[in-house]
Structure formats: C-alpha cells, structure tokens
Amino acid sequence: MQKIWSMVWLSVMISVIAVAADSASRVFPLSKTRFAVVDKSGKEKVVDLKGKDFIVVSLREKGADGLAYAVDRDGVVWWAASISSGAKGHETPSGIFPVLRKERYYMSKAHPDPRGINNMDFSLFFTNQGHALHMGNTNAMSHGCIHVGKKGADTMFKWATHKTRVVVTREHYLPFVYYDLAKAGYRVNDKTPGYIKAYIKKMVPVKPHMEDGPPEHNITVKKDVF
C-alpha cells in the first residue's frame, strides 16, 4: 500500500513540475504556426503547429494583443475575439498546452459565484491548476483564466478536442494574421476596443506569401472585429 501511495505521489509531483515548467516558459511567435518556447533555464525550442488545430491566446497585458484566435489544420485563421486574462498576482501562465478536458456547465471551485450561477461555462481546461478558456466577462480581469464572450466560447467549445493545442503568449501575434483576418472580413469599427485600435495604428503586419496578394485596408465593415 505504501508503495502504491508513493507512486501516486510521484505522479502528482511530476504533473505539478510539468505545469510549473510550462508556467515559467515564454512563447514567442515566429510565424502563423511556428513558436519559440523558452523555458525557465533559458533553453529554447521551436514548435511548429502546421497541420494541427490550435488556439492562440495573446494575453490582455502590455506588449500583447488581448485577443484569442482559432487556427485550423489548413492554416486558416477563422475566428478572433477580444479576451481578458489574469489580473496582477493571478497572471495566466504562458506556454503551449493541450486541452485537458471540456466542461459545458461549470462553476469555479476556487472562486464560486455567490449567486450560485455557473461562472465557467464552455470551459476548455488547459492546466492541472484549473486554468481554462471559458465564457466570462471580457471587461474584467480574471484569477488566471481566459474570458471570452458567449458566442466565441460556444464556438471554441464545439470545435476544440483533446488534440487541440492552446498557445498562450505574452507577445503580439496579430501581425502574423492581420491579413488573414482582413480577408475574412474583420475590420476595425466602433466596437473595437481602444487598446486594439491603438496597437493597429502602429503595427507593421507581416505580409503572407499569397498569390492573390494582401487585401486592401479600406473596405466596408463586414464583421465586428478584433
């Protein structure tokens, strides 16, 4: 029995160490699908997610987008939405994570809503510490989770599987996908958050290698944007 408990404890500790390593890593986008991951010791590796479905969360922090993006296995960025993330002292860990589990209806055990209302519906959990991308108030910073609006949370929940990776970065990702989103009909409009408008004004988009070339900037608004 003691041996069994020792094995269980070792397994738990390995999980904690793995999460801690991910939490301490920094992720730097190199292209739409390639990311440099630097661990706490400074060791760097390049991860290429080409051919895979993944979600990129560029955190709601200075130096990042405050947006989440869905990229399918064909390299198409088909969804983007503004988000909020961990407040100071509750920062969302950065790294590349798997979707560990999905919970359609869920209330936070650590921070339950006093009204008894579910506050983490459409949850995609990506760490063993309880960090998830879920439906929430994008105007309020979180205890570490990624808040997405109802439409986006519902869409991500239905699309994502255990094979989907969640890339969390403290860097800008928008320059690599700006033309993709513009081509899809996303435009800056009166609903675009001010912090996104301010960044886009100074941003230098990375032009894709496309035969039809990048789309024009000044076109009629088709969708609520970024």
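Rules of the game
Residues numbered from 1 in each chain as written. Predicted model: local features only at pLDDT ≥ 70, side-chain atom pairs only at ≥ 80, totals over all residues. Heavy atoms only, no water. Buried < 20%, exposed > 50% of the residue type's maximum accessible area, 1.4 Å probe, protein only. Helix = DSSP H or I, 4+ residues; strand = E, 2+ residues; numbered from the N terminus. Arc of directions from axis to C-beta. Contact = heavy atoms within 4.5 Å. Salt bridge = Lys/Arg side-chain N within 4 Å of Asp/Glu carboxyl O. Pairing = 2+ DSSP bridges. Axes fitted to C-alpha atoms, helices over the stretch in contact; angles between N-to-C directions. Polar contact = N/O pair within 3.5 Å; in protein donor to acceptor, adjacent residues only side chain to side chain. Phe/Tyr/Trp six-rings, centres within 6.5 Å; stacked < 30°, edge-to-face > 60°. Lys NZ or Arg CZ within 6 Å of the ring centre and 35° of its normal.

Details of helix α4 (residues 194-202)
Owing to its 3.6 residues per turn, the α-helix brings residues three or four apart onto one side. Considered for burial, the residues of α4 that qualify are I196, Y199 and I200. Projected down its long axis, α4 shows its buried positions confined to an angular sector of 100°, all on one face. Turned more than 90 degrees away from the buried face of α4, the exposed residues are G194, K201 and K202. Contact partners of the buried residues in α4: β5 (67-71), β6 (77-82) and α3 (174-184).

Structural notes on the pattern of salt bridges
Counted by the stated rule, this structure contains 6 salt bridges. Across the salt bridge formed by R26 and E171, the nearest N and O atoms sit 2.6 Å from each other. On the criterion of sequence distance, the pair formed by R26 in strand β1 (residues 26-29) and E171 in the loop between β12 (165-169) and α3 is long-range, its members being 145 residues apart. A salt bridge links R73 to D53, with the nearest nitrogen and oxygen atoms 2.9 Å apart. In this pair, R73 is assigned in the loop between β5 and β6 and D53 in the loop between β3 (44-48) and β4 (54-58), connecting sequence segments 20 residues apart. The class of D53 is buried, set by a relative accessible area of 14%.

Some details on the side chain of S58
One can find S58 in strand β4. Setting aside its immediate chain neighbours within four residues, S58 contacts A64, D65, G66, L67, Y69, I83, T169, E171, H172 and Y173.

A few points about the sheet that holds β1
Taking strand neighbours across the sheet as the criterion, the 3 strands line up as β1-β2-β3 in an open arrangement whose pairing is antiparallel. For this open sheet the edge positions go to β1 and β3, each flanked by a neighbour on one side alone. Strand-to-strand twist across the sheet, computed as the mean angle between neighbouring axes with direction ignored, equals 25°. As judged from the 4 bridges shared by β1 and strand β2 (residues 34-38), these two strands associate in the antiparallel manner. Across the sheet, the residue bridging to F28 is A36, located in β2.

A few points about the environment of D154
Its place among the elements puts D154 in helix α2 (residues 150-159). D154 sits in the buried class, given a relative accessible area of 17%. Counting along the chain gives 20 residues from D154 to H134, while the straight-line C-alpha distance between them is 8.6 Å.

So, the environment of H131
Its location among the elements puts H131 in the loop between β9 (123-125) and β10 (132-135). Accessibility expressed as a relative area gives 11% for H131, which makes it buried. Distance in space between the C-alpha atoms of H131 and P93 is 8.4 Å, their sequence separation being 38 residues. The residues touching H131, leaving out its near neighbours within four places in the chain, are P93, L124, F125, F126, G144 and C145. Separated by 2.8 Å, the side chains of H131 and T127 make a polar contact.

Brief notes about the packing of aromatic side chains
Within this structure, the stated rule accounts for 8 aromatic pairs. Aromatic side chains Y69 and Y173 sit 5.1 Å apart centroid to centroid with 65° between the ring planes, which places their arrangement in the edge-to-face category. Highlighted residues: Y69 in strand β5 and Y173 in the loop between β12 and α3, separated in sequence by 104 residues. Y173 shares its class with Y69; the two are buried. Measuring from centroid to centroid gives 5.2 Å for W78 and W159, while their planes differ by 75°, and the two rings are edge-to-face. Residue W78 is located in strand β6, and its partner W159 is located in helix α2; the two are separated by 81 residues in the primary sequence. Each residue in the set F35, F54, Y69, Y173 and F176 is aromatic and connected to the rest through ring pairs, giving one cluster. Taking NZ or CZ as reference, R101 lies 3.8 Å from the ring centre of F125, over its face. Lying across the ring of F122, R104 places its NZ or CZ 3.7 Å from the centre.

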